Amino acid sequence: MGFLKGIVNAVADPRLFFILAVAALVLVVWKREAIAGTVVGYGALAVLGLFFVIGIFDPNFRLIVTKPDNVPIVGLIFLLVFFVWYSIREGVLNDRRIAAGVGPIEKAESDRVWVWPDLVYTELISLILCSVVLIVWSIFLKAPLEQPANPANTPNPSKAPWYFLGLQEMLVYFDPWLAGVVLPSLIIVGLICIPYVDKNPKGNGYYTFMERKAEITIFLFGFVVLWCSLIVLGTFLRGPNWNFFGPFEYWDIHKLAALTNVNLSEYIWIRMLRTGYPSLWLVREIPGILLVLFYVFALPVILAKTAFKVYYDKLGGPRFYVSAFLFLSMMSLPFKMLARWIFNLKYIVAIPEIFFNI
């Protein structure tokens, strides 16, 4: 059992955790026909449940999982696995019907019901069941209320509510103005822009994958691999001093990670050229500035003429460049995370003279 716990703790390393999450997404998209099977879906839930049942006997795992704040995240994991599988399954079934010329099940008359009484009765039963669950939950789990805030006694680790843990994790890799203002704003703006930049009329009102392969894959990557995985990572794997811990690892407050975060300018001028920092900050940060300008302005043009030419022709210039900017903004998070984990890269552009860092 100790050997298996060691394997789980090793897999929980953020670099391997993220790579496996991406690999799982690729497997789900690639082998969706097999994933859509009922045995696979309910089998995955059974394996996940068995993992939590066996893990609950470990004191370190039990202390984290049974914390009232973290219980909803355990439920989130099960719901996430189920609904991702269910949506893939329904999309595969509809793709088979569309290929056979029948059309999606949602547009068939046999699948339609009346709002009254069918839908209203279903909503009423769901309301009653959810109320019962919340009442039982509130009886058996104490409300996670702590003592009044005391600046002389700060919790370690000090975590945001679960729905902000993704943003808190982003603060590790980006400056606060980016992680707390710019990127969340781009998420909201991007969601607003989707109906205006997406010209594909297919897939509205019914499940499908073949008709919206790129859109669904990007959504799964952004929502499941990035956002939800950051919530899970921040909930279960971030411990005292914001260090990483495995699920079965003791949260040692004295654990130290021997890491030295380095800016890109230091890599260029000191480690590669060995010339020392230039006296002028503009010269010092010019490699990072050029890299950021290339990523934001030149890379979309290159993609429009090469790998994404099909999407450029389909969307047109304005729609494509808006979509490309939002896509590259989303991809900046995994790029920065991997750069921190692999190269200890802190900032690409670091200008403390004017309080500007990227």
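Refer to the preceding data block for the structure.
Undergrad: Would you mind going over the overall build of the protein chain with me for this structure?
TA: The number of helices and strands found in the protein chain is 15 helices and two strands. Considered along the principal axes of its C-alpha atoms, the protein chain spans approximately 75 × 55 × 40 Å. Counting only contacts in the protein chain whose residues sit at least 6 apart along the sequence, the fraction spanning at least 24 positions is 66%. Put simply, the protein chain shows about 22100 Å² of open surface, and 73% of that area lies on carbon and sulfur atoms.

Undergrad: For this particular structure, what's the right way to read the environment of Tyr 347?
TA: On the secondary structure map, Tyr 347 appears in the loop between helix H15 (317-343) and strand S1 (350-351). What Tyr 347 contacts, discounting residues up to four positions off in sequence, is Phe 174, Asp 175, Val 262, Asn 263, Leu 264, Lys 336, Asn 357 and Ile 358.

Undergrad: Where do I start with the pattern of salt bridges in this structure?
TA: A side chain of one charge can pair with a side chain of the opposite charge if their charged atoms are brought near each other. By the definition in use, this model includes 10 salt bridges. Two residues, Arg 238 and Glu 169, come together in a salt bridge whose shortest N-O distance is 2.7 Å. With a gap of 69 residues between them, Arg 238 in the loop between helix H10 (213-237) and helix H11 (264-272) and Glu 169 in helix H8 (residues 165-170) connect regions that are remote in the sequence. Just as Arg 238 is buried, Glu 169 falls in that class too. With a closest N to O distance of 3.2 Å, Asp 313 and Lys 309 form a salt bridge. Here the residue Asp 313 and the residue Lys 309 both occupy positions in helix H14 (residues 309-315), the gap between them amounting to four residues, near one helical turn. Residue classification places Lys 309 among the partly exposed positions, given a relative accessible area of 42%.

Undergrad: Just checking my understanding: could you explain a nonpolar patch on the surface for this structure?
TA: Together, Leu 124, Leu 127, Ile 128, Val 132, Ile 135, Val 136, Ile 139 and Phe 140 make up an exposed nonpolar region whose accessible area comes to about 820 Å². Following the sequence through the fold, Ile 135 ends up in helix H7 (residues 115-140).

Undergrad: Looking at this structure, I do not really get the packing of helix H13 (residues 286-305) against H15. What am I missing?
TA: The relative placement of two packed helices is expressed as an angle between their axes plus a distance between the axes. Running from N to C, H13 and H15 point in directions that differ by 120°, and their axes come no closer than 10 Å. Relative to H15, the crossing made by H13 is right-handed. Judged by residue contacts, Tyr 295, Val 296, Leu 299, Pro 300, Val 301, Leu 303 and Ala 304 of H13 engage Phe 320, Tyr 321, Ala 324, Phe 325, Leu 328, Met 331, Ser 332 and Phe 335 from H15. Here the contact of H13 with H15 is composed, by residue class, of 14 nonpolar, one polar and no charged.

Undergrad: Help me out: how do you make sense of the packing of helix H2 (residues 14-30) against H10 in this one?
TA: Between H2 and H10, the shortest axis-to-axis distance is 11 Å and the interhelical angle comes to 150°. In this view, H2 runs roughly antiparallel relative to H10, as classed from their interaxial angle. At the point where H2 passes H10, the crossing takes the right-handed sense. Two secondary-structure elements touch here, H2 through Pro 14, Phe 17, Phe 18, Ala 21, Val 22, Leu 25 and Val 29 and H10 through Thr 217, Leu 220, Phe 221, Val 225, Leu 226, Ser 229 and Leu 233. Residue composition of the contact of H2 with H10, by class: 12 nonpolar, two polar and no charged.

Undergrad: Looking at this structure, I do not really get helix H6 (residues 71-99). What am I missing?
TA: Each α-helix turn comprises 3.6 residues. Residues three or four places apart therefore point the same way. Compared with an ideal rise of 1.5 Å per residue, which puts 29 residues at 42 Å, H6 spans 42 Å between its outermost C-alpha atoms and is within 8% of the ideal. For H6, the full list of buried residues reads Ile 73, Val 74, Ile 77, Val 84, Trp 85, Ile 88, Glu 90, Gly 91, Val 92, Asn 94 and Asp 95. On the buried face of H6, the contacting elements are H2, helix H3 (32-35), helix H4 (38-55), helix H5 (59-65) and H10. Of the residues one or two after H6, Gly 101 is the one with positive phi, at around 80°.

Undergrad: Explain H13 here, please?
TA: Taking 1.5 Å of rise per residue, the 20 residues of H13 would be expected to cover 28 Å, and the 27 Å separating its terminal C-alpha atoms lies within 8% of that figure. Of all the bends in H13, the greatest reaches close to 45° and is centred on Ala 298; the proline Pro 300 follows between one and four positions later. Taken together, the buried positions of H13 are occupied by Gly 288, Tyr 295, Leu 299, Pro 300, Leu 303 and Ala 304. Packing partners of the buried residues in H13 comprise H11, H14 and H15.

Undergrad: How do you make sense of the environment of Leu 186 when you look at a structure like this?
TA: Within the secondary structure, Leu 186 sits in helix H9 (residues 176-197). In the structure, Leu 186 is positioned 140 residues away from Leu 326 in sequence and 7.2 Å away in space, judged by C-alpha atoms. Residues contacting Leu 186, with those up to four places away along its chain left out, are Phe 325, Leu 326 and Ser 329.

Cut-offs and rules
Residues numbered from 1 in each chain as written. Predicted model: local features only at pLDDT ≥ 70, side-chain atom pairs only at ≥ 80, totals over all residues. Heavy atoms only, no water. Helix = DSSP H or I, 4+ residues; strand = E, 2+ residues; numbered from the N terminus. Contact = heavy atoms within 4.5 Å. Areas by Shrake-Rupley, 256 points an atom, 1.4 Å probe, with all protein chains shown as cover. Salt bridge = Lys/Arg side-chain N within 4 Å of Asp/Glu carboxyl O. Buried < 20%, exposed > 50% of the residue type's maximum accessible area, 1.4 Å probe, protein only. Patch = residues over 30% accessible without salt bridge, like charges linked within 9 Å, V, L, I, M, F, W, Y side chains within 5 Å. Axes fitted to C-alpha atoms, helices over the stretch in contact; angles between N-to-C directions. Left-handed = near helix turned anticlockwise from the far one by under 90°. Nonpolar A, V, L, I, M, F, W, Y, C, P; charged D, E, K, R; others polar. Parallel < 35°, antiparallel > 145°, perpendicular 65-115°, else oblique. Expected span 1.5 Å × (residues − 1). Bend = angle between axes of the 7 residues up to and from the residue.

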